[in-house]
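Topology and contacts: notes
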Amino acid sequence: MSVMQQNLSVLEPKSKRRKIDSEINSSSSSSSSSSSSSSNNCGHFFVRYGICCNCRSNVERHRGRAFDYLVDGLELSDVAVKVTKRVTTQITCFNDKKLHLVLDLDHTLLHTVMVSNLTKEETYLIGEADSREDLWMFNGGYSSEFLIKLRPYVHEFLKEANEMFSMYVYTMGDRDYANNVLKLIDPEKIYFGHRVITRNESPYIKTLDLVLADECGVVIVDDTPQVWPDHKRNLLEITKYNYFSDKTRRDVKYSKSYAEEKIDEGRNDGSLANILKVIKEVYEGFFSGGVEKELDIDSKDVRLLLHDARRPK
Ligand SMILES: [Mg+2]
Ligand SMILES: [Zn+2]
């Protein structure tokens, strides 16, 4: 097993690895391409800790794009990203009959508040955190405690979406926070695996460049469109979930919070249930016509289907 294969084995199943290898070889120049090629004509497609997985030469750091969230120290060249995206989508579509779904956390799947920012009328929740399935207390370090409230329907949503999509979490929160939340919504790592992108990898904006799937097959669900400057066509905007009033937020000051009113967003007719209907439609539209032979993804695009789905009926 070559070093490159060893590294990639963490990333992908064997069948996919072979395909990525062969596609990269055919898309690189005709003079290079075998695994024994010399460093002179190596494209340094997969680099780990600054060393090319193929030719073993030292490669300048940050020449490619970092994918530490998948494998520590991993960098992919532009060509490798492009080919891996393409192959991943082809194989996920064809083998698993799935597309890709990128999910935001805060105000999309849940609402988190610092305990010190609860209003007086909301403090009753502190005592309920232990006994409720949708409410959790966690210690964020620096002696700050947080309450996490899951959005109604989140478990059902993830379970059903998982049948149709390979899922990513993409949050502006940090790695520590994401891990804490994932312990609650995906303790067995069934839904997301290593596919969790945080502020640590992506501090300013969110981009599908970090998602290893072809953009023609990626649906994003997020409450904040501004963080996706380049991928609005892939985005389904979901209504912000605000459970707590959060004393530090000005925009919700004048109305009472769900927590204060002791009510909540609807379950079977709430935002997540509605979004599930839309992504199901997009999924069915994408796969209408069947997948008997290897899917021709050039003729399919979720962006066109999302455009239609957004149109009022
Ligand atoms: Mg959000
Ligand atoms: Zn190389």
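Treat the numbers as computed from the prediction; the structure is a model and nothing was measured. (Residues numbered from 1 in each chain as written. Chains lettered and ligands numbered in written order. Predicted model: local features only at pLDDT ≥ 70, side-chain atom pairs only at ≥ 80, totals over all residues. Heavy atoms only, no water.)

Thoughts on the sheet that holds strand β8 (residues 145-150)
- Here we have 3 strands laid out as an open sheet, ordered β6-β8-β7, and antiparallel in their pairing. Edge strands, defined here as strands with exactly one partner in the open sheet, are β6 (110-114) and β7 (135-139). Averaged over all pairs of adjacent strands, the angle between strand axes in this sheet comes to 25°, irrespective of strand direction.
- Sheet topology places β6 next to β8; 5 bridges connect them, and they run antiparallel. Bridge pairing in β8 places Met-114 opposite Phe-146. (Pairing = 2+ DSSP bridges. Helix = DSSP H or I, 4+ residues; strand = E, 2+ residues; numbered from the N terminus. Axes fitted to C-alpha atoms, helices over the stretch in contact; angles between N-to-C directions.)

Here we look at the coordination of the magnesium ion (ligand 1)
- Coordination of the magnesium ion (ligand 1) by the protein is provided by Asp-104 (OD), Asp-106 (O) and Asp-223 (OD), with metal-donor distances spanning 2.1 to 2.2 Å.
- Here the donor residues of the magnesium ion (ligand 1) share one chain and are spaced in sequence as D-x1-D-x116-D. In this pair, Asp-106 is assigned in the loop between β5 (99-103) and β6 and Asp-223 in the loop between β11 (218-222) and β12 (235-237), connecting sequence segments 117 residues apart. (Donors = N, O, S within 2.8 Å, 3.2 Å for Na, K, Ca; no water.)

Observations regarding the sheet that holds strand β1 (residues 46-48)
- As summarised here, the arrangement of the 4 strands in space is β2-β1-β4-β3, forming an open sheet in which the pairing is antiparallel. Two strands bound the open sheet, and with one partner strand each, they are β2 (51-52) and β3 (65-66).
- Here 3 bridges tie β1 to strand β4 (residues 74-76), and the two strands are oriented antiparallel to one another. Paired with Val-47 across the two strands is Glu-75, which belongs to β4.
- Where helix α3 (residues 78-96) meets the sheet, it contacts β1 and β4, and its direction lies at approximately 90° from that of β4. (Contact = heavy atoms within 4.5 Å.)

Let's talk about the environment of Ile-275
- Locating Ile-275 in the fold gives a position in helix α8 (residues 271-287).
- Judged by relative accessible area, which is 8%, Ile-275 ranks as buried.
- Once the C-alpha coordinates of Ile-275 and Phe-157 are considered, the two residues, 118 residues apart in sequence, prove to be 8.9 Å apart.
- Other than its neighbours up to four places away in sequence, Ile-275 contacts Phe-157, Val-221, Leu-236, Glu-237 and Ile-238. (Buried < 20%, exposed > 50% of the residue type's maximum accessible area, 1.4 Å probe, protein only.)

Quick notes on the confidence of the model for the protein
- For the protein, per-residue confidence averages 87 on the pLDDT scale, and residues scoring 70 or more make up 85% of the total.
- Contacts from residues 29-39, a stretch scored under 50 in pLDDT, to residues over four places away or in other chains number 11 contacts. (pLDDT = per-residue confidence, 0-100.)

Examining the packing of aromatic side chains
- Counted by the stated rule, this structure contains 12 aromatic pairs.
- Measuring from ring centre to ring centre gives 5.3 Å for Phe-138 and Phe-146, while their planes differ by 20°; the resulting arrangement is stacked.
- Ring geometry for Phe-286 and Phe-287: centres 5.3 Å apart, planes at 65°, overall edge-to-face. Comparing Phe-286 with Phe-287 shows no difference in burial state: the two are buried.
- The structure contains a cluster of three or more aromatic residues connected by ring pairs, namely Phe-165, Tyr-283, Phe-286 and Phe-287.
- If you follow Lys-149 out to its NZ or CZ, it ends over the ring of Tyr-243, 4.8 Å from the centre.
- In this structure, Lys-262 packs its charged tip against the face of Tyr-124, placed 4.3 Å from the ring centre. (Phe/Tyr/Trp six-rings, centres within 6.5 Å; stacked < 30°, edge-to-face > 60°. Lys NZ or Arg CZ within 6 Å of the ring centre and 35° of its normal.)

Section: the coordination of the zinc ion (ligand 2)
- The protein atoms that coordinate the zinc ion (ligand 2) are Cys-42 (SG), His-44 (ND1), Cys-52 (SG) and Cys-55 (SG), at distances spanning 2.1 to 2.4 Å.
- For the zinc ion (ligand 2), the single-chain donor residues occur in sequence as C-x1-H-x7-C-x2-C. Note that Cys-42 is positioned in the loop between α2 (14-27) and β1 and Cys-55 in the loop between β2 and β3, a separation of 13 residues in sequence.
- What makes Cys-42 buried here is its relative accessible area of 10%.
- Cys-55 sits in the buried class, given a relative accessible area of 16%.

Re the environment of Leu-305
- Inspection of the secondary structure assignment puts Leu-305 in helix α9 (residues 302-310).
- Residues within four places of Leu-305 in sequence aside, it is in contact with Val-282, Gly-285 and Phe-286.

A few points about the nonpolar core
- Membership of the largest hydrophobic core comes to 44 residues, with the highest contact counts inside it found for Leu-101, Phe-157, Ile-185, Phe-192 and Ile-279.
- Only β5, β8, α5 (154-164), β9 (165-170), α6 (175-185), β11, α8 and α9 provide two or more residues apiece to this core.
- Looking at this core element by element, the count peaks at 9 residues for α8.
- Apart from residues lying up to four places away in sequence, Ile-279 is in contact with Leu-101, Phe-157, Ala-161, Phe-165, Val-219 and Leu-236.
- Within the second largest apolar cluster, 30 residues are counted, among which are Cys-53, Phe-67, Val-81 and Val-218. (Core = buried A, V, L, I, M, F, W, Y, C linked by side-chain atoms within 4.5 Å.)

Regarding unusual backbone geometry
- A positive phi angle is found at Lys-97, which is not glycine, with a value near 50°.
- By the element assignment, Lys-97 lies in the loop between α3 and β5.
- For Lys-189, which is not a glycine, the phi torsion comes out positive at approximately 55°.
- Here Lys-189 is to be found in the loop between α6 and β10 (196-197).
- Given a relative accessible area of 56%, Lys-189 falls into the exposed group.

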